[in-house]
Amino acid sequence: MVKQIVIDDNNVVQLCSIGGLLEGGIDVVDIPDEVMACPAKWVYKDGSFAQNPNYNEINLNDVKAAKIAESKNKLAEWLANNPMTYTDGKQYSVTAEKQSLLNGNLASYERAKAAGINYPLRWNATGEECTAWTYEGLVGLSLAIAAYVAPKVAEQQAIEIAINACSTIEELNGVVIAYE
C-alpha cells in the first residue's frame with residue numbers, strides 16, 4: 001500500500017496519505033498514528049520522523065482570552081458608531097470614555113455642592129459645543145445612556161460566558177460576536 005507525506009521547505013509534514021497519492025508526495029515506509037493525527041507536530045528528515053521543535057500547541061485559554069478581548073473591542077466599536085438619540089432629539093455619544101466623563105462631571109458637581117462651591121454643569125451633544133445643564137437634566141441623560149448601553153453590555157457578557165464554556169477550538173470558532 002502506498003504511504004506518502006508532503007513536507008514544506010523546513011521538512012515540516014503538511015499532509016499524510018495511506019493508500020492515495022499526494023501531489024508532491026514523498027513515499028515513506030510507514031506513517032505513525034501520531035503523525036497522522038497532527039502532521040505539523042512532526043518533521044521528516046533522513047527517512048525518519050522527529051518532533052517539530054518549532055511547533056506550538058494552541059493554548060485554549062489564550063484563544064479564549066483573545067476572543068473575549070475581540071468581543072469587548074467589537075462592543076466598543078458598536079458604542080462608538082451608535083450614539084443615543086435623547087428626548088431633546090439630539091444624539092449623544094455612549095462610549096465608555098464619554099460615560100466616564102459624564103459620571104465624573106456629575107460626581108464633581110456633587111462634591112462641589114457638598115463643599116458649598118458653585119460648579120457649573122456643561123455637556124455636549126455629538127458634534128456640538130458644550131451647553132449648560134441642570135443637575136437633574138444631566139442625571140437624566142446619564143441614566144438614559146446607562147439604560148441604552150445595558151442591553152449591549154449584557155450581550156457582551158453572554159458572549160463571554162459562552163466563550164468560557166467552550167472546551168475546544170472548534171466550539172470557540174462557533175461563538176459568533178455580533179452586536180446589532
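What you see is a predicted model; the values in this text were computed from it and never measured. (Residues numbered from 1 in each chain as written. Predicted model: local features only at pLDDT ≥ 70, side-chain atom pairs only at ≥ 80, totals over all residues. Heavy atoms only, no water.)

1. A word on the overall build of the chain
Stage number 1. Counting secondary structure elements, the chain contains five helices and nine strands.
Stage number 2. In the chain, the succession of helices and strands from N to C terminus is β-β-β-α-β-β-α-β-β-α-β-β-α-α.
Stage number 3. In summary, the chain has a C-alpha radius of gyration of 29 Å against a globular reference of 16 Å for 180 residues, an excess of more than 25%.
Stage number 4. Seen along its three principal axes, the alpha-carbon backbone of the chain occupies a region of about 90 × 30 × 30 Å.
Stage number 5. In the chain, buried positions account for 30% of the 180 residues.
Stage number 6. Looking at the chain as shown, the accessible area adds up to about 11,300 Å², and 53% of this sits on carbon and sulfur atoms.
Stage number 7. Measuring between centres, the 13 positive side-chain charges of the chain sit 11 Å from its 23 negative side-chain charges. (Helix = DSSP H or I, 4+ residues; strand = E, 2+ residues; numbered from the N terminus. Rg over C-alpha atoms; globule rule 2.2 N^0.38 Å. Buried < 20%, exposed > 50% of the residue type's maximum accessible area, 1.4 Å probe, protein only. Areas by Shrake-Rupley, 256 points an atom, 1.4 Å probe, with all protein chains shown as cover. Lys, Arg positive; Asp, Glu negative; His and termini not counted. Charge placed at Lys NZ, Arg CZ, Asp CG, Glu CD.)

2. Notes on the side chain of Ser-17
Stage number 1. Examined against the element boundaries, Ser-17 turns out to sit in strand β2 (residues 13-18).
Stage number 2. The buried category is assigned to Ser-17, whose relative accessible area is 13%.
Stage number 3. Aside from chain neighbours lying at most four places away, what touches Ser-17 is Val-2, Lys-3, Gln-4, Leu-22 and Ile-31. (Contact = heavy atoms within 4.5 Å.)

3. Topic: the environment of Ser-93
Stage number 1. Its place among the elements puts Ser-93 in the loop between β7 (91-92) and α3 (96-114).
Stage number 2. Residue Ser-93 is classed as partly exposed on the basis of its relative accessible area, which comes to 22%.
Stage number 3. With 35 residues separating them along the chain, Ser-93 and Ile-58 place their C-alpha atoms 39 Å apart.
Stage number 4. Sequence-distant contacts of Ser-93, that is, excluding residues within four places in its chain, are made with Pro-83, Lys-98, Thr-126 and Ile-145.

4. Digging into the sheet that holds β2
Stage number 1. In space, the three strands of this open sheet follow the order β2-β1-β3, with antiparallel pairing throughout. Lying at the two open borders of the sheet, with one neighbouring strand each, are β2 and β3 (26-27).
Stage number 2. Sheet analysis places strand β1 (residues 3-7) next to β2, joined by five bridges and oriented antiparallel. Paired with Ile-7 across the two strands is Val-13, which belongs to β2. (Pairing = 2+ DSSP bridges.)

So far we have only geometry, and geometry alone does not tell us how the molecule works.
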